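Coordinate analysis (summary)
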Amino acid sequence: MTSTVPFTPRRRPVRLAGIGRRAEDALVCAMLLAMGLLPVIEIVLRSLFETGIPGNAVYVSNLTLWVGFLGAMIAARERRHLNLAVGLGGLLARRGINLAVIGAGISAAVATGLAWSAVDLVASGIEFPYLIDDWLPEWVVLAVLPLAFVTITLRIVLAVEDRRLRLVPLLAAGAVVILALVADPSARHPLWPGLVVLTLGALLGAPIFVLLGGTALLLFFADGVPTGTVMNATYRVAISPAIATLPLFTLTGYLLAEGRTPERLVRLFRAWFGWLPGGLAVACVLVCAFFSTFTGASGVTILALGGLLLPVLLRNGYRERFSIGLLTASGSIGLLFPPSLAVIVYGVIAHISILDLFVAGIVPGLIMVGAVCCLGVRAGLLARVERPRFDFREAVRALWDARWEVLLPIVALGAIFGGYCSLPEAAAITVVYALVVQVLVRRDVHVTRDLPRILVKCAALIGGIFAILGAAMGLTSYLVDADVPTMAAEWIQQLIASRLLFLLCLNVVLLAVGCLMDVFSAAAVVLPLIIPMAAAYGIHPLHMAMIFLTNLELGYLTPPVGMNLFLAAYRFERTIGQVCGSALPFLLLLAAVVLAVTYGPLLGLVPAWR
């Protein structure tokens with residue numbers, strides 16, 4: 001006699017990590033879309049019904065904080081936090097010396113310290129409650145900060161491939177917690193051992209935010225100041241109204257980079273300029289400038305367009321060495337044009353009108369683009385590249401095909417300079433415009449298949465920027481409180497009497513900073529130091545802005561650690577040495593442009609400088 005037992009299918013174990021990842025992605029996607037939609041709804045209500053959404057600007061500012069630090073969590077998950085590109089840990093690992101785990105330990109320790117600082121800030125918000133728009137407790141918004149840095153710590157630990165070695169970053173994180181619990185917060189502590197450890201971490205591949213945030217924590221800790229001050233400075237800059245434009249304009253750039261938009265723009269610029277000597281190279285520079293105005297000097301242009309433009313240049317007779325150098329140099333060529341993210345960050349930190357900065361950047365920006373285009377013309381003449389005749393019908397067809405993309409900067413700049421709306425509202429308009437065009441008109445982006453992926457990629461990039469910017473503002477807060485900028489300005493004045501010599505030294509320093517740091521962290525850390533110095537030598541604030549930004553743009557191309565060099569080597573599958581050699585002529589030419597911006601008579605050409 002046999003018996004049958006009912007078959008019960010085995011359930012798959014619930015993967016909490018997968019559920020958490022999907023929830024994380026869904027939340028950041030929803031918040032990023034809300035940031036774009038709320039200001040546009042506000043504009044419509046204001047225009048048609050003379051009403052609006054109460055507290056709309058406040059909600060968008062606080063959504064910016066959440067998007068930025070949820071994005072930082074995603075950047076840690078995807079291992080996309082920027083570092084100094086030294087990579088010593090990886091080089092040693094190839095030779096059997098695994099020191100990268102030490103870098104991971106240092107990173108985990110600093111991330112834990114930043115989490116503890118965020119907990120202090122949230123606890124202060126609970127103890128002294130404040131309601132946002134009379135209903136939302138501020139500590140609820142602040143809660144994303146400890147959540148983000150605790151998650152980043154865990155992901156740093158899990159990123160160590162050898163499970164046995166994960167104990168190293170875990171112990172480092174635990175040591176920081178114990179130190180925070182037992183240390184006397186009012187006592188002064190030695191500073192130099194921690195700075196040595198941070199320097200070692202940077203050499204072993206620790207992210208830039210670890211170096212900046214760790215330095216800020218050490219400085220406050222050494223002076224017996226509560227470390228919650230670091231996260232307080234982070235919160236203040238994150239909810240600044242203009243900062244909301246960073247994720248919005250970046251999302252616009254990501255939407256444009258999808259589908260066939262780059263191909264349409266290449267066709268457009270080639271149809272109108274291809275008949276010139278080096279016309280295709282000029283077209284590539286203009287396309288890159290168009291995209292980098294929205295994506296900032298983050299290297300997204302090289303990664304997004306490099307694979308499309310390099311084969312086109314090679315097929316049309318341009319040498320590989322020149323083509324790689326051209327695209328590497330063009331990766332941040334639109335840095336000065338509106339709505340450049342770097343210009344916005346500069347204006348926020350330096351407290352200068354962003355619209356004036358946009359106007360001031362037009363002439364230097366055009367000179368930089370024109371200089372790179374001249375090298376393209378020269379290459380076309382030397383290589384005797386075949387040039388098509390100008391076909392008016394094809395030019396008109398290409399313009400009509402790219403009509404929606406061509407209208408986008410007109411819409412953005414018209415909204416900004418026409419005074420019809422604020423800068424964050426103009427950024428939201430560009431997002432909605434790009435969404436409608438790419439999803440409904442062009443249908444290059446599928447709502448369920450493509451849009452979530454684009455939003456998550458955008459959030460990861462923004463998260464990397466916000467982690468750096470937040471940590472850098474914590475360091476800046478200490479420098480300002482300690483009156484370091486004023487003392488540095490007085491010391492420099494005693495050392496250097498000549499204004500021209502000061503400008504030359506400033507060029508050298510900024511070039512070195514541009515090699516090692518991205519423009520966002522450099523603006524947060526270096527600007528508070530050099531602005532008082534520039535004022536002491538009578539340098540106009542807008543002139544100082546152009547000097548700073550052009551030098552930082554040049555730094556992206558400067559070996560050995562210029563960011564564009566590494567991104568181009570990754571995208572084009574070449575060695576760093578090959579990319580450096582390819583970019584050298586462009587580096588020298590742009591260096592001459594930087595000197596012209598620093599010393600040349602450009603002040604009379606820009607109305608905003610008068």
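Above this text is the structure in question.
Overview of the structure.

Cut-offs and rules
Residues numbered from 1 in each chain as written. Predicted model: local features only at pLDDT ≥ 70, side-chain atom pairs only at ≥ 80, totals over all residues. Heavy atoms only, no water. Disulfide = S-S within 2.5 Å. Salt bridge = Lys/Arg side-chain N within 4 Å of Asp/Glu carboxyl O. Helix = DSSP H or I, 4+ residues; strand = E, 2+ residues; numbered from the N terminus. Buried < 20%, exposed > 50% of the residue type's maximum accessible area, 1.4 Å probe, protein only.

Per the counting criterion, the structure on display carries 0 disulfides. Distance from the sulfur of Cys288, which forms no disulfide, to the nearest cysteine sulfur (Cys284) is 6.6 Å. Here Cys458 stays unpaired: no disulfide links it, and the sulfur of Cys29, its closest cysteine neighbor, is 9.7 Å away.

Applying the stated criterion across every chain yields a total of 20 salt bridges. Note that Glu42 and Arg46 form a salt bridge whose closest N and O atoms lie 4.0 Å from each other. Of the two residues, Glu42 and Arg46 are both situated in helix H1 (residues 16-49); the distance of 4 residues between them amounts to about one turn of the helix. For Glu42, a relative accessible area of 13% gives the class buried. Across the salt bridge formed by Asp162 and Arg164, the nearest N and O atoms sit 3.2 Å from each other. A relative accessible area of 71% places Arg164 in the exposed class. When salt bridges with common partners are traced through the structure, they connect Arg264, Arg267, Glu394, Arg397, Asp401, Glu405, Arg442 and Asp444 into a single cluster.

Bringing the environment of Gly259 into the picture now. Within the fold, Gly259 resides in the loop between helix H11 (245-257) and helix H12 (261-273). Under the relative-accessibility criterion, Gly259 is labelled partly exposed at 41%. When the C-alpha atoms of Gly259 and Asp450 are compared, they prove to be 9.8 Å apart, with 191 residues separating the residues in sequence.

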